[in-house]
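For reference, the chains in residue letters:
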Amino acid sequence: MKKTVLIAATLLLISSPTFAGKMAMPTDMPASYEAECASCHMAYPPALLSQQSWKNVMSSLSKHFGTDASLDSKTQNDITIWLLKNATTRQKYSETAPENRITKTSWFIRKHDEVRSEVWKRASIKSPANCGACHIDAANGVFSEKNIKIPAK
Ligand code: HEC
Ligand code: HEC
């Protein structure tokens with residue numbers, strides 16, 4: 001019985017293509033995304049959120065996580081169109097993110113359940129949204145296990 005469960009779990013792991021091991025930035029990224037959405041944090045790859053979640057993020061920029069990230073309407077429109085075009089389409093990951101946060105989605109919580117709460121608070125990490133603190137190649141959209149280094153402090 002136990003063995004069956006183990007085999008099933010192993011098969012599941014093998015068959016699910018490494019979700020998000022790699023989430024490269026789509027090549028048609030508008031320059032405004034880097035300029036406007038990567039000054040306070042990394043440029044999050046669009047595949048990290050669903051269309052509805054990106055709509056929610058982009059329609060509330062004046063109240064953006066305690067800060068004002070408003071844009072002129074053309075820039076806002078360009079970025080929104082691109083984010084929606086490249087949002088995740090995989091049903092499993094397409095939930096509407098609570099509080100518009102990648103870090104509150106159930107897949108994120110599941111993938112990070114081994115990270116102890118004390119670790120998130122370390123000075124060089126500070127927030128789960130600070131992907132690059134641990135995923136050393138996050139800027140290139142690489143989140144695979146081999147490219148993780150959790151800072152000791
Ligand atoms: C003025 C600074 C600033 C700008 C500009 C900005 N953000 Fe943010 N953003 C924040 C802060 C602060 C947080 C919360 C970070 C945290 O909790 O550690 C955040 C969080 C986020 C999150 C959620 C991260 C999580 O917890 O999963 C998303 C998604 C996001 N921003 C997208 C964008 C997009 C898209 C743009 C460009 C339109 C943008 N941000 C521009 C400051 C900014
Ligand atoms: C405290 C360090 C830390 C931070 C910060 C962090 N992660 Fe992770 N992440 C991990 C660890 C540890 C794993 C689990 C690796 C494993 O054993 O599979 C992981 C796993 C993942 C996976 C699954 C990789 C795979 O191959 O299945 C994704 C995707 C991911 N993280 C994305 C993110 C994103 C996006 C952010 C920022 C919004 C983030 N992580 C922030 C440490 C972190």
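Residue numbers run consecutively from 1 along every chain, following the written order of its sequence. Here the convention is simple: chains get letters from A, ligands get numbers from 1, in the order in which they are written. Totals for whole chains, interfaces and linings use all residues, but because this is a predicted model, local features are given only for residues with pLDDT of at least 70 and pairs of side-chain atoms are given and counted only at 80 or more. The basis for the side-chain values is all heavy atoms of the structure; hydrogens and waters are excluded.

Undergrad: Which residues make up the layout of surface pockets, and what values do they have?
TA: Over the atoms, a rolled probe matching the size of one water molecule traces out where space is still vacant. A cavity here means a set of points on a 1 Å grid, drawn over the protein atoms and nothing else, where a 1.4 Å probe fits but cannot get out; a pocket is an open set with protein on both sides within 12 Å along at least five of seven lines, and a residue lines either one if it has an atom within 4 Å of a point. Grid points are joined across faces, edges and corners, and a volume is the space filled by probe spheres set on the points. Counted as a void, the second largest pocket has a volume near 520 Å³. In this structure, the second largest pocket is lined by 25 residues; those nearest its centre are H41, Y44, V57, H64 and F65. In this text, helices come from DSSP runs of H or I with a minimum length of four residues, and strands from runs of E with a minimum of two, each type numbered from the N-terminal end. Among the elements of the structure, helix 2 (31–37) and helix 3 (51–58) are those that each provide at least two residues to the lining of the second largest pocket. In the scheme used here, Gly and all other residues not listed as nonpolar or charged are polar, with Ala, Val, Leu, Ile, Met, Phe, Trp, Tyr, Cys and Pro taken as nonpolar and Asp, Glu, Lys and Arg as charged. The class makeup of the residues in the lining of the second largest pocket is 16 nonpolar, six polar and three charged.

Undergrad: Which residues make up the site of ligand 2, and what values do they have?
TA: By convention in this text, a residue qualifies as near a molecule or strand provided that one of its non-hydrogen atoms is within 4 Å of it. Taken together, 24 residues lie around ligand 2, and K111, H112, C131, C134 and H135 are the ones closest in. Going through the elements one at a time, helix 5 (106–111) and helix 6 (117–120) are the ones with two or more residues in the shell around ligand 2. The biggest single contributor to the shell around ligand 2 is helix 5, with three residues. A breakdown of the residues in the shell around ligand 2 according to their chemical character gives 15 nonpolar, six polar and three charged.

Undergrad: A description of the confidence of the model for the chain should follow, citing residues and the corresponding values.
TA: Residues of the chain with pLDDT of at least 70 account for 87%, and the chain-wide mean is 89. Contacts of residues 10–18 to residues separated by more than four positions or lying in other chains number one contact, the stretch itself having pLDDT below 50. Values of pLDDT, which run from 0 to 100, indicate the predictor's confidence residue by residue. Note on contacts: a residue pair qualifies if any of its non-hydrogen atoms lie within 4.5 Å across the two residues.

Undergrad: For the side chain of S32, give the residues involved together with the corresponding values.
TA: Checked against the element boundaries, S32 lands in helix 2. Excluding anything up to four places from it in sequence, S32 contacts C37, T75 and I79.

Undergrad: Account for the coordination of the iron atom of ligand 1, with residues named and values stated.
TA: Donor atoms from the polypeptide that coordinate the iron atom of ligand 1 comprise H41 (NE2) and H64 (NE2), at 1.9 to 2.0 Å from the metal. A donor here means an N, O or S atom no more than 2.8 Å from the metal, or no more than 3.2 Å when the metal is Na, K or Ca. Since water is not included, a site may seem to lack partners. Square planar and octahedral sites, with four and six donors, are those where opposite donors lie more than 155 degrees apart and all other angles lie between 65 and 115, tetrahedral sites have four donors with every angle between 85 and 135 degrees, and the rest are irregular. Taken together, the six donor atoms coordinating the iron atom of ligand 1 and their angles of 88 to 179 degrees define a geometry best described as octahedral. Pair noted here: H41 is in the loop between helix 2 and helix 3 and H64 is in the loop between helix 3 and helix 4 (73–86), with a separation of 23 residues, a long-range link. Relative accessibility decides the category of a residue: with a 1.4 Å probe and only protein chains considered, values under 20% of the type maximum give buried, values over 50% give exposed, and everything between is partly exposed. You can call H41 partly exposed: its relative accessible area is 29%. Given a relative accessible area of 13%, H64 falls into the buried group.

Undergrad: Any chance you could break down the packing of helix 3 against helix 4 for me, citing the residues and the numbers?
TA: Angular values range over 0 to 180 degrees, each being the angle between N-to-C directions of two axes fitted as lines to C-alpha atoms, with helices fitted over their stretch in contact. Put simply, helix 3 and helix 4 touch, their axes get as near as 9 Å, and they point 165 degrees apart. Relative to helix 4, helix 3 is oriented roughly antiparallel. The handedness of the crossing between helix 3 and helix 4 is right-handed. On helix 4, the residues that touch Q51, W54, K55 and M58 of helix 3 are Q76, I79, T80, L83 and L84. In the contact of helix 3 with helix 4, the residues fall into five nonpolar, three polar and one charged. Any angle that falls under 35 degrees is termed roughly parallel, while one over 145 is termed roughly antiparallel, one within 65 to 115 roughly perpendicular, and all others oblique. It is the rotation of the near helix from the far one that decides the hand of a crossing: anticlockwise by less than a right angle makes it left-handed, clockwise makes it right-handed.

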